[in-house]
Each structure stands twice: as C-alpha cells, then as structure tokens.
Amino acid sequence: MPHQKEQKILALLREELAKRSTGAALAYITLAIVIFFYHFKLVFWAPYVQAACVLMFIGALTRLIASRIYVKRQEKKIWTLLKATIWVNAIAWTIIFSLASYELKNEGLHFAVLVTIMAACQSGSLVTLSNSKSLYLPFMVACLIPLMSTALYQYFAHGAESGPYLFTCYAVFFVYQMIQFRTVRALQTDRLGNQVDLENSLHELKMSQDAFVEQTANIFHASKISALGEMAGGLSHEVNNSLMTIMGSVQQLERYFARDGVDNPDYIRKVKNSKDAIDQIKTVIDGLRFFSQQGEEAEKVDRPLEEIIQRTLNFINEMIKANEITMIVSPIPPIMVHCNPMQITQILFYLTKNAFDALEGVEDPMKRWIRISFTERDMDVEIRVMNGGPQISQDVKSRLFQPFFTTKKVGKGTGLSLSISKGIALAHKGDIYLEDSHDCTTFALKIPSSPLVTAHA
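Since the model is a prediction, treat every value here as computed from it, not as a measurement.

(A) Region of interest: the overall build of the protein chain. Counting its secondary structure elements, the protein chain contains eleven helices and seven strands. For the protein chain, with 457 residues in total, the buried portion stands at 39%. Summarising the internal contacts of the protein chain: among those between residues at least 6 apart in sequence, 75% fall at separations of at least 24. Accessible surface for the protein chain amounts to roughly 25600 Å². Of this, 61% is attributable to carbon and sulfur atoms.

(B) A look at unusual backbone geometry. Positive phi is not limited to glycine here, since Gln74 has a value of about 50°. By secondary structure assignment, the location of Gln74 is in the loop between α2 (46-73) and α3 (76-104).

(C) Up close: the pattern of salt bridges. Going through the model one piece at a time under the given rule, you end up with ten salt bridges. Where Glu435 meets Arg384, a salt bridge forms, and the shortest distance between an N and an O atom there is 3.0 Å. Here Glu435 is found in strand β6 (residues 431-435), whereas its partner Arg384 is found in strand β5 (residues 380-387), with 51 residues between them in sequence. Neither Glu435 nor Arg384 differs from the other in exposure class; each is buried. Connected through salt bridges with shared partners, the residues Arg377, Glu382, Arg384 and Glu435 form a single ionic network.

(D) Representation of the nonpolar core in the model. Counting residues in hydrophobic clusters, the biggest one holds 49 residues, and the most contacted among them are Ile35, Phe40, Trp93, Ile96, Phe97, Phe139 and Tyr170. Mapped onto this core, the elements with two or more residues apiece are α1 (2-38), α2, α3, α4 (109-129), α5 (133-158) and α6 (162-260). Each residue touching Tyr170, except ones within four places of it in the same chain, is listed here: Phe111, Val115, Met118, Leu144, Leu147, Met148 and Ala151. Of all hydrophobic cores here, the second largest spans 34 residues; its members include Leu313, Ile335, Val381 and Leu445.

About the criteria used
- Residues numbered from 1 in each chain as written.
- Predicted model: local features only at pLDDT ≥ 70, side-chain atom pairs only at ≥ 80, totals over all residues.
- Heavy atoms only, no water.
- Helix = DSSP H or I, 4+ residues; strand = E, 2+ residues; numbered from the N terminus.
- Buried < 20%, exposed > 50% of the residue type's maximum accessible area, 1.4 Å probe, protein only.
- Contact = heavy atoms within 4.5 Å.
- Areas by Shrake-Rupley, 256 points an atom, 1.4 Å probe, with all protein chains shown as cover.
- Salt bridge = Lys/Arg side-chain N within 4 Å of Asp/Glu carboxyl O.
- Core = buried A, V, L, I, M, F, W, Y, C linked by side-chain atoms within 4.5 Å.

Structure representation (structure tokens):
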C-alpha cells in the first residue's frame, strides 16, 4: 500500500509539472526570440548565442506540445520526451549565460540584463520543476556553475575585482534556491499525499457502500426465498392431501373396472393418463417439500446415488430442455451414499443451476452443455458438475465460497448457494471445491459412500 501511494504521488507530481510546463515553454519561446535579436550586443560570441536561442526555441516548442499530450495520456514515452526538452532548455541557457558572461566580462548594463534574466529563469524553474528533483537540481547546476566559473576565471585571469563578489552572490543564490526547493517539495508532497489519502478513503467508502447495498439486497432476496420456502411447505401439504384423494379415486376406478370386467381401451388409457399426471404432480410436490425442509436437521441415511441424481434431474430437466442445453450424465455407479438426501440434492441443484446460469449469453450450441460425472475413491464418491461456459477468473476463484459473494446482478443471486453447499458438504465429512485441472469450469462434490458396496446389497 505505501508503495502504491508513492507511485500515485509521483504520477500527480509529474502531471502538475506537465501542466506548469505550458506556461514555462511559452515564456522560453518568447525569451528565445528576444535574446536572438538582442543577444546582449555581443560581437564574437553572438552567432553561438543565437544558435543557442534557436535550440531553446525548438526545445520549448517541443516541450509545449509534449506537456499537453502528457496531461491527456500520461504515457511513459511522452514523459521521457518532456524530460529531454527540459534538458535541451538547460543546455541552451548554459551556452547563453556562460558565453555572454565571458564576453561581457561580468560588467556593464548588458551584463545586468543577463543576470536579471538568469535570476528570473531560476526562480521560474523553481515553480515549474520543483516537482522533479532529477530535473530541477541538474537545471540549477547547468545554469549557475558556468556563471560561477566565469566569475572566477575573470578574477584569476584578468584581475577583475568583481569576480569574488559575483561568485559569492551566485553561491548564496544557489543555496537559497536549494532551501526553497526543499520547502516547496515538502509542501507539494504533503499536499498530494493528503489528496491520495482522501481519494483512497473515498474509494474505500464507495466500495463499502456498494457492498452494503449489495448485501442488503441479497439478504432481502434471501428472506424472500425463506418466505417462499415456508409457503411451499404449506402448499405442498395441502396439495398433497388433495392429490392423495384424487389418487384414491383413480385407484378405486381401477378396481371397479377390474371387478366389472370393463375392458374399454379408452377408459383404461384415461385412468393411466390420470395416474401419470398425478405422479408428475407428486414429483413437483416432492420438490416443494424439499425446498421447505432444506433448513431442517435430518438424520443421515443410506440412499442409492442414482435416486439422488434422479431427484436432482427431476428439478432441472424442464429448465434444461426449455433453454436447449445438452444434459450429459455419465453412468451412475450402483453405490449407496450415507447422507441427508435432501441436502445432497440441494447441493447438486445449486451446482447445476450455477452451471445453467454460466451458459447465459453463450450462443455456440457446441458449448451449451452441462455434464455430471462420477469417480469412486476408497470410501468416497466424487460428483463433478461441468459446463461449457466461460471459465471463472482468478480474482473470483478466491472468493467463491464467501457468504453473499456473487457475480450475478442484484436480485438474481444471493451469494449464499456455494457457502451453504460448502457447510453441508463439510457436515457430511466431505467437501466441495473448484477444480483447476480441467479446461472447463468444474465443481467437485465429495461425499462418503455407505459401507454397503452396492445399491442392491
């Protein structure tokens, strides 16, 4: 986290430097034009000073363009170009200040103008380049060292009495600028550090608010499911009573037909159709009862694995067919599993429903499939539910079994199915996990098999 904060502060410092470079570049372009024609009335070194002005003009113009591009795109190569233009300006100023100072012998009105421009250049650079130590310090050295060296040269070579005084003034000015740089730099770093902290706090607050809203919606959705389960329990009880009455009447008709020797095929077919319809309704009622009892504790019993798988398929078959999804079920081992059948059916329903949801938006018919396969290992059986939809991303995998975590839209998922399934599996001394060794999304449910070897034992 501290490293990320430093990176953000550095990025903000560079952005501010780029913004300030616009004004500095325009000032340098103006000075380059003025000095080109004025050139401090030099004679011998005038062409070289004018060449440096042309160099400064090109560098400042490029800096102007680069700074505006960097503010918009903040690309590394643009930053490198911006730094290069600043170095070009530093070289140009070094040539101008050193050659003009040398020919003017640190004396006269033109030299006073030169020093004034130099002081203004250094002060302006403090404002512009204080965001970057690697740019400001070299810029200061490049501009002041030639002036200090020229002052000493004039003193030792030509006995100019002003040399030591000028050298001292330049040195004091250099030290003063360094102190100012440290002060401005510290203020900028603190200001931007506070800005980054505020932005991070606002981002975390927004994420917390979003998470709170999402969890509230999920809890509300879960409460609706709970209420639906209670209603389903009462509804299944009432419907089941009426269904048993109808079934009793149909069976009584069968006995009457058998007693009276009625062999009318139409009657017999209608009775059979009625019994089949009652069986279908009973399957739905069993499902309602299952959902109404899913939170209740029930003892573990031995049940054929095939019975549990078939119960799961009864719940999802119509949904699968209606959406043109291919359901592939591998041969079911003829074994018993020691479990709470309703809870294991609940897990398999959740896994299959999640696989169904993963195929939403998949248009390729070759990928619209769900497969259930089985592997026996010692006294356990592993049930795998696979699908041809897109694979789960790495950042989601680590949070799959967290309560209320869901990748679905609000109202379409509670984020509870996998966490509930994990708890049920662990309570059965088994487990549920995502397998990474497959090319498709694969969830594996491991549950203990019964000491009985086969379903027919």
